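Here's the letter readout for the chains.
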Amino acid sequence: MLLRSQKPLLYEADGVPDSPEAVSPPEGPIYQDDGLLSVAGPIMVACYGLMLGIAGLTFFGSGQALFVVSICVVFAFLYFGIPVTLLRIRAARDGRWEGNTAKARDPMVEVGTGSIHRWEAIVQIVSVPVAVVIGFALFAIRWSLL
């Protein structure tokens, strides 16, 4: 939690601030959940699960390749686990974060280039994971025909 103070914090040896007025409430913009991650997140997890499942089935006969797929599974847990953990920490500790607002149900969302429809933003987010699954499926078909 980012706190802005007018003067530096002075701490005693026991870790308690010298005075309560040394810490001011958080200032700055309020961040609202736009709801995109709650829709696109499960789609991305499913795509990467399908990708790793396809790779596991494709290389089931080769122990060395299956070992590499298992390492990829561990990295996938890290890839999705760390952001989920950080989002939970942010929701619990950042006073500027507002989740489950009306903004999460708005048909238009703000992105870096302006306002677009919610479904367009979701398509932009999940297009790469869907393309990766399609590529792995095509590779698996080609591998089985060798």
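Owing to the predicted nature of the structure, the values given are computational and were not obtained by experimental measurement.

A. Layout of the overall build of the protein. Across its full length, the protein holds three helices and four strands. Shown N-terminal to C-terminal, the secondary structure of the protein runs as helices and strands in the order β-α-α-β-β-β-α. Looking at the protein residue by residue over its 146 residues, the buried ones come to 23%. Residue pairs at least 24 apart in sequence account for 59% of intrachain contacts in the protein once pairs closer than 6 positions are excluded.

B. Quick look at helix 1 (residues 36–58). The end-to-end C-alpha distance of helix 1, which contains 23 residues, comes to 33 Å, matching closely the 33 Å that a straight helix rising 1.5 Å per residue would cover. Residues of helix 1 that are buried include every one of Leu-36, Ala-40, Gly-41, Met-44, Cys-47, Tyr-48, Met-51, Leu-52, Ile-54, Ala-55, Gly-56 and Thr-58, and no others. Those residues of helix 1 that are buried lie in contact with helix 2 (63–93), strand 3 (108–111) and helix 3 (118–144).

C. Local environment of the nonpolar core. Listed in full, the 10 residues of the largest apolar core are Ala-40, Met-44, Cys-47, Tyr-48, Met-51, Leu-52, Ala-76, Phe-80, Val-126 and Val-133. When residues of this core are traced back to their parent elements, those giving at least two are helix 1, helix 2 and helix 3. Among the elements that take part in this core, helix 1 stands out by supplying six residues, more than any other. Those residues in contact with Ala-40 that sit more than four places away from it in its chain are Ile-125 and Val-126.

D. Summary view of the pairing of strand 3. Of the strand pairs in this sheet, strand 3 and strand 4 (residues 114–117) are connected by four bridges, and their pairing is antiparallel. Directly across from Val-109, in strand 4, lies its bridge partner Ile-116. Taking the residues between adjacent antiparallel strands as the criterion, strand 3 and strand 4 are bridged by two residues.

E. Geometry of the pattern of salt bridges. Evaluated as defined, the whole model comprises one salt bridge. Residue Asp-94 is joined to Arg-90 by a salt bridge in which the shortest nitrogen-to-oxygen separation is 3.7 Å.

F. View of the environment of Phe-77. Along the chain, the position of Phe-77 falls in helix 2. Here the alpha-carbon distance between Phe-77 and Val-45, two residues 32 residues apart in the chain, equals 9.7 Å.

G. Structural context of the environment of Val-111. Relative to the helices and strands, Val-111 is located in strand 3. Overall, Val-111 belongs to the partly exposed group, its relative accessible area being 25%. Measuring from C-alpha to C-alpha, the distance between Val-111 and Ala-121 comes to 7.9 Å, with 10 residues separating the pair along the chain.

H. Structural view of the confidence of the model for the protein. The share of residues in the protein with pLDDT of 70 or more is 82%, and the mean pLDDT across the chain is 81. Mean pLDDT in the protein bottoms out at strand 1 (residues 31–32), which sits at 74, and peaks at helix 3, which reaches 94. Confidence drops under a pLDDT of 50 for residues 5–13, and excluding neighbours within four residues, the segment shows 13 contacts in the predicted structure.

About the thresholds
- Along each chain, residues carry numbers from 1 onward, in the same order as the chain's sequence is written.
- Per-residue local features of the predicted model are confined to residues with pLDDT of at least 70, and side-chain atom pairs are confined, for both listing and counting, to 80 or more; whole-chain, interface and lining totals are unaffected and use all residues.
- No hydrogens and no water enter the side-chain calculation; it runs on all heavy atoms of the structure.
- For helices the rule is a DSSP run of H or I covering at least 4 residues; for strands it is a run of E covering at least 2, with both sets numbered from the N terminus onward.
- For the exposure calls, accessible area comes from a 1.4 Å probe over protein chains only, and a residue counts as buried if that area is under 20% of its type's maximum, exposed if over 50%, partly exposed in between.
- Any two residues whose heavy atoms approach within 4.5 Å at even a single point are treated as in contact.
- Any helix carries an expected span of 1.5 Å times its number of residues minus one.
- Buried Ala, Val, Leu, Ile, Met, Phe, Trp, Tyr and Cys residues that are joined via side-chain atoms within 4.5 Å together make up what is termed a nonpolar core.
- Two strands are counted as paired when DSSP detects at least two bridges linking them.
- We define a salt bridge as a side-chain nitrogen of Lys or Arg found within 4 Å of a carboxyl oxygen belonging to Asp or Glu.
- A score from 0 to 100, pLDDT tells how confident the predictor is in each residue.

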